[in-house]
Amino acid sequence: MAFLIGSGFATGQEVLQYFAAYGLGGGLVVALLCVVAFIFVGGCFIAAGKREKFEKGSDVYRYYCGKYIGTFYDYFSIIFIFCSFIVMMGGAGSTIYERFGLPTWTGSVGMMVLVCIVTLLGLNGLIEVIGKMGPAIAVIAICLGVYSFLSNPSGVTESSAMLTSGEIPIGSGAGVLNRVGTSPVSSASSYVGFCMLWLAAFLAAMGKDTNSVREGVFGTTAGAIGFTLGCTTTMLGLLAYLPDVYASAIPNLILAGRIAQWLSILFSVIIFCGIFTTAVPLLWQVSSRFTKEGTSAFKITTVVCAVVGTIIAMFIPFQTLVNVIYGINGYVGIILLLFIIVKEVRRLMAKKA
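Just so it is clear, the structure is predicted and the values come from calculations on it, not from any experiment. (Residues numbered from 1 in each chain as written. Predicted model: local features only at pLDDT ≥ 70, side-chain atom pairs only at ≥ 80, totals over all residues. Heavy atoms only, no water.)

Notes on the environment of Ala136
We apply this condition: Helix numbers and strand numbers start at the N terminus; a helix is a DSSP run of H or I with at least 4 residues, a strand a run of E with at least 2. Each residue is placed in one exposure class: buried if its accessible area under a 1.4 Å probe, protein chains only, is under 20% of its type's maximum, exposed if it is over 50%, and partly exposed if it falls in between.
The residue Ala136 is located in helix H7 (residues 123–151) in this model. For Ala136, a relative accessible area of 39% gives the class partly exposed. In sequence terms Ala136 and Ile96 are 40 residues apart; their C-alpha atoms lie 21 Å from each other.

Shown next, in the form of structure tokens:
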């Protein structure tokens, strides 16, 4: 949960583009498809890590896809994960700018420093840090969504009607509602796809150290349900006030500000925590893929990647980062699901035989 709750989810931008942009009915379809897929792939990744004891978490791609396609996914996922780290840094900068009016570089650079420090602690250290924060952030986001929905429930159906009629403009860029995909099915496919590329190596690495496959699968199932519940309630809150938030880079800040200004300030801190819990494992995956954890090379790689990613984030609008990076890479990621299904079916058939 902590890993998936990044700048996209915490700011509301991700939920806005993947869920709320399709209205109430379409958004619920996206949520249903996502939770089923998350439960399946999360359980597969962590169980495979426990059974196979991969030397590197990224070996899970070769396990499911074979030598050549698995190698492609290994390198493609690292490139995408680095791009996702750029999204996190962009979200940090946008949050500071929208709430406090400070230059975006202050938020991006501040987040970069914090992320570097914790990433250098290694896998066990970062799991210890982010594991305590993820569920708390999800609960707060759920409460914000529920309160916003209950304060204006009729706004959900009204906003859905405005989306259908074209009253709320949908497109790409600033001033319009950015939307991923052309239907709830394509949106869910893209969303699950990019999340899989995040989760695969990380869960496989975690799975090696779980006490049992059952314990690992129970954890990923609970996490999938909790995360999707957070997406759904946030979607309801966004739909309740969609005319006010659809063009915002940080729509959740607007929802929080409608309740109280002090809550808007508090929620900007919560968004920062959400970005932090995702940025750390993203950066760790990039560094650990090419260097051994704890070495000087690992430390240098971590700092260099963090600095380069932050610099790039300063020059591209946050909404564009979410729409392009997550959207396109998600469709490549969802193909991985087909390989997983085939591999798991073959494994179960061989086990019965």
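Considerations on the packing of aromatic side chains
For the record, the criterion: Here is the rule: rings of Phe, Tyr and Trp (six-membered ring for Trp) pair when centre to centre is within 6.5 Å. Planes less than 30 degrees apart are stacked, more than 60 are edge-to-face, and the remainder are tilted. Charge-over-ring contacts are defined here by two conditions on Lys NZ or Arg CZ: a distance within 6 Å of the ring centre and an angle within 35 degrees of the ring normal.
Summed over all chains, the structure comprises 16 aromatic pairs. On the basis of an interplanar angle of 70° and a centroid distance of 5.4 Å, the ring pair of Phe72 and Tyr73 is categorised as edge-to-face. Judged by its relative accessible area of 45%, Phe72 falls in the partly exposed class. Considering the side-chain rings of Tyr191 and Phe194, the 5.3 Å spacing of their centres and the 80° angle between planes classify their relative orientation as edge-to-face. Separated by three residues within a single helix, Tyr191 and Phe194 lie in helix H9 (residues 184–207), roughly one turn from each other. The pair Tyr191 / Phe194 is uniform in exposure class, with both members buried. We note Arg289 situated over the ring of Tyr75; from NZ or CZ to the ring centre the distance is 5.0 Å. Over the ring of Tyr63 we find Lys343; its NZ or CZ atom is 4.6 Å from the centre of that ring.

Re unusual backbone geometry
The phi angle at Lys53 is positive, at roughly 50°, despite the residue not being glycine. Judged by relative accessible area, which is 41%, Lys53 ranks as partly exposed.

Side note on a nonpolar patch on the surface
Going by this rule: To count toward a patch, a residue needs a relative accessible area over 30% and no salt bridge; like charges are then connected within 9 Å, while nonpolar side chains (Val, Leu, Ile, Met, Phe, Trp, Tyr) are connected within 5 Å. Only the protein chains shown count as cover for residues, and all accessible areas are computed by the Shrake-Rupley method using a 1.4 Å probe. One side-chain nitrogen of Lys or Arg within 4 Å of one carboxyl oxygen of Asp or Glu is enough to make a salt bridge.
Residues Trp105, Ile300, Val303, Val304, Val307, Val308, Ile311, Ile312, Met314, Phe315 and Ile316 make up a contiguous nonpolar surface patch of about 980 Å² in total accessible area. Sorting elements by how many residues they give to the nonpolar patch places helix H14 (residues 296–313) first, with seven residues. Within the secondary structure, Ile311 sits in helix H14. Given a relative accessible area of 45%, Ile311 falls into the partly exposed group.

Brief notes about the side chain of Thr210
Here is the rule: Residues are treated as being in contact if the distance between any of their heavy atoms lies within 4.5 Å.
Position of Thr210 among the secondary structure elements: in the loop between H9 and helix H10 (213–240). The class for Thr210 is buried, based on a relative accessible area of 13%. Not counting chain neighbours up to four residues away, the residues in contact with Thr210 comprise Ile46, Lys50, Glu215 and Gly216.

A few points about helix H13 (residues 261–290)
Basically, it comes down to this: Expected span of a helix, by definition, is 1.5 Å for each gap between consecutive residues, and there is one gap fewer than residues.
Taking 1.5 Å of rise per residue, the 30 residues of H13 would be expected to cover 44 Å, and the 45 Å separating its terminal C-alpha atoms lies within 8% of that figure. With 23 of 30 residues buried, H13 lies mostly within the body of the structure.

Topic: the packing of helix H5 (residues 67–100) against helix H15 (residues 318–352)
Selection criterion: Helix axes use the C-alpha atoms of the stretch in contact, all axes being lines fitted to C-alpha atoms, and the angles between their N-to-C directions lie in the range 0 to 180 degrees. For classification, angles of less than 35 degrees are called roughly parallel, those exceeding 145 degrees roughly antiparallel, those between 65 and 115 degrees roughly perpendicular, and all remaining angles oblique. What makes a crossing left-handed is the near helix being turned counterclockwise from the far one by less than a right angle; a clockwise turn instead makes it right-handed. The nonpolar class holds Ala, Val, Leu, Ile, Met, Phe, Trp, Tyr, Cys and Pro. Asp, Glu, Lys and Arg form the charged class, and all remaining residues, Gly among them, are polar.
Contact pair H5 / H15: the axes reach a minimum separation of 10 Å and the direction vectors enclose 155°. Between H5 and H15, the interaxial angle falls into the category roughly antiparallel. Seen from above, H5 lies across H15 with left-handed handedness. Looking at the contact of H5 with H15, its residues break down into 18 nonpolar, six polar and no charged.

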